Amino acid sequence: RDHDRSMAWRGRFAALLLLVALFSSRAVEGGDAPQDPAAVEKQLAEKDTRIAELERELRVVGGAHAGGRSRGGASLRAEATLEERVKALEKTVSSVNVTSMDEQVAHLLRHVDPEYDSGSIAWLNTASTLVFMMTIPGLALFYGGLVRLQNVLSIVMQSFSIACLITVLWIAVGYSLCFTEGSVVYGSYQRFWLTGLTLETRHPLNPLVSEPVYCLYELTFAIITPALIPGAFADRMRFGPMLIFIALWHLLVYCPVAHATWMTDGFLHKARVLDFAGGNVVHITAGFSGLVSSIVIGKRTGYGAEQFSAHNMLISVLGASLLWVGWCGFNGGSAGSPSPRASMAVLNTNVSAATASLSWMFTEWALRHRPSVLGMISGAIAGLVTITPGAGYVNITGAFCTGLIAGPVVYFAAQLKHRFHFDDALDAFGIHAPGGVLGGILVAFFAEESIAGLDSHGVGINGIFYGDSGWRLLIQIYGIAVSIGWCVVMTYIILKVLDKVVGVRVKLEDELIGLDMVVHGTAIWGVDPVNSYMDNTVVSAGQLSEGTIKQWMDATPLNEEEEDVINMDLLPKETDKDEDPSTHGIGLYQGPNIPPVARVASISRFPSF
């Protein structure tokens, strides 16, 4: 993604040549004069010609990468004396930022005549493995521990199947739509089924590696993005329609936003929107799509009246830990090579995650009088999400402040579902959407040119705290607004059409039994499905209230045998709002002592798909 900076490095090449010319000129004028006056005159004429050529080159390059506007230095006047022109050139050269010149020169040389860089190939392969690990097993474990016991395999199956589905779509059309030149929104058909991609081809965004390596790395981003969305509609979406939804979402939401943001001909890229590793492309699109899906599909049965507890927090901690480790490849790999900038991105990632985890913990501690394990890991994820847009643009102070702000801000944003009564089951919206928005805005404050370099127009990237007037903040807000608007509209259309055509929500009785058994025919505790549900397994791992059972019975006609075993006196009564719901309801794993309502479900009602 540093391809557009090459024109700026050409300007710095010109500056280096000017320095050589100046020193040579001074050596001729200030050293011992040759014996032949004609030779002196000839050398001065040659220097004058060479300086004039360098002046013209510097003007051309400066106009190309800075839009014709001078970025400082003296005016080069052709009519001035040789001595005046030399001094003017010295002043111009002194205004050029030559920070990390060795790295920048090497970067330009590789773009002019690129050679495979074994270090970059190794780093991108490693980063690809780390990011792939974020989805399976990282995200699968994180979500799997947070859902109720009868839906664990369902949510894990969704993560695994999405990884497989997107891989096939990526090689078929996704990569080409995202990362070939075409329109301002989509790429072309040039790489459909990876046609033309060989060991010798390279992608212009990273010519240091062979194109298959670049394709692999970007595939891992395409996988994890839609895999985040099921956290919003966990426990209640049919598996078949979910796969169709994810496939359409990849083509109609992820591909255009990724192309518009990262490809050189994308309209957001041309507008100078900064997104280092996916604040807009990954977290905003997935987060707001999760919000739409949770509203369109509707709440879980009993939401707000029953307790929906995580079945195994240890599994979620393991998943969050894998996500944190994988995020080092997520952000560090976006630098494109094992460069100092990649190291800074990884360091910023860890600083932000640790700081946000602490700030979330202390916020929760102050408000709820106890720090929770879920709060700690949620805070870490919030910090990782928020630093993603700026990991390669900010310094350590920026990373620390990003995490410090992210903890409490995302904590309060995650509580919005209680205020506005939408069922974001696993906080897919509550963490990723506000984190992505906040991170994109903070880039406009904390970006520093010595780390971020130049943007797509060759202008130094600085935030408001480092001299920017504020125009970059407006650009960032524009990019965020476009990303939100696009994903919200397209997600709503996809789900509404799907719901009309095939239906997206599971039946009430299937939801209460659990999707593991109903959809996949398997339970995580490894028992026989028929005998388990007919004899001694409760229908819900959460707490079932009398109202929920009656709702189920009203919606599901019972035969005489089933009606005989129903004894509503054995069921718990509705809890008062001020009471702790955990002290009521049907518990899990009570064996033969559980109320007979557990036997209401008949295996004959399980759908075939």
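Predicted, not measured: the structure shown is a model, and the values here were computed from it.

With that out of the way, let us pick up helix 14 (residues 396-414). An α-helix turns once every 3.6 residues. As a result, residues three or four positions apart point the same way. Helix length check: helix 14 (19 residues) gives 26 Å between terminal C-alpha atoms against 27 Å at 1.5 Å per residue, within 8%. At alanine 406, helix 14 is bent by approximately 30 degrees, the largest bend along its length, and proline proline 408 sits one to four residues beyond. Those residues of helix 14 not exposed but buried are Gly398, Ala399, Cys401, Thr402, Gly403, Ala406, Gly407, Val410, Tyr411, Ala413 and Ala414. Considering only its buried residues, helix 14 is in contact with helix 12 (340-368), helix 13 (373-387), helix 15 (416-420) and helix 16 (428-446). The N-terminus of helix 14 is capped by asparagine 395, whose side-chain oxygen sits 3.2 Å from the backbone nitrogen of threonine 397.

Turning our attention to the confidence of the model for the protein chain. Residues at a pLDDT of 70 or more form 68% of the protein chain, whose mean pLDDT is 80. The low-confidence segment residues 60-78 (pLDDT under 50) makes 36 contacts with residues lying over four places distant or belonging to another chain. Scored below 50 in pLDDT, residues 527-544 shows 61 contacts in the model against residues more than four places distant or in partner chains.

Right, let's talk about the pattern of salt bridges for a bit. This model, assessed by the stated rule, comprises nine salt bridges. Notably, a salt bridge pairs aspartate 235 with arginine 148, separated by 3.2 Å at the nearest N-O pair. Taken together, the residues span a long stretch of sequence, with aspartate 235 in the loop between helix 7 (211-227) and helix 8 (239-262) and arginine 148 in the loop between helix 5 (118-146) and helix 6 (152-179) at a distance of 87 residues. Per residue, the accessibility class of aspartate 235 equals that of arginine 148, and both read buried. As a salt-bridge pair, aspartate 423 and arginine 300 come within 2.8 Å of each other at their nearest N and O atoms. Note that aspartate 423 is positioned in the loop between helix 15 and helix 16 and arginine 300 in the loop between helix 10 (279-297) and helix 11 (313-332), a separation of 123 residues in sequence. Classification of arginine 300 as buried rests on a relative accessible area of 9%. When salt bridges with common partners are traced through the structure, they connect Arg148, Asp235, Arg236, Arg300 and Asp423 into a single cluster.

Reading guide: rules and limits
- Residues numbered from 1 in each chain as written.
- Predicted model: local features only at pLDDT ≥ 70, side-chain atom pairs only at ≥ 80, totals over all residues.
- Heavy atoms only, no water.
- Helix = DSSP H or I, 4+ residues; strand = E, 2+ residues; numbered from the N terminus.
- Expected span 1.5 Å × (residues − 1).
- Bend = angle between axes of the 7 residues up to and from the residue.
- Buried < 20%, exposed > 50% of the residue type's maximum accessible area, 1.4 Å probe, protein only.
- Contact = heavy atoms within 4.5 Å.
- Polar contact = N/O pair within 3.5 Å; in protein donor to acceptor, adjacent residues only side chain to side chain.
- pLDDT = per-residue confidence, 0-100.
- Salt bridge = Lys/Arg side-chain N within 4 Å of Asp/Glu carboxyl O.

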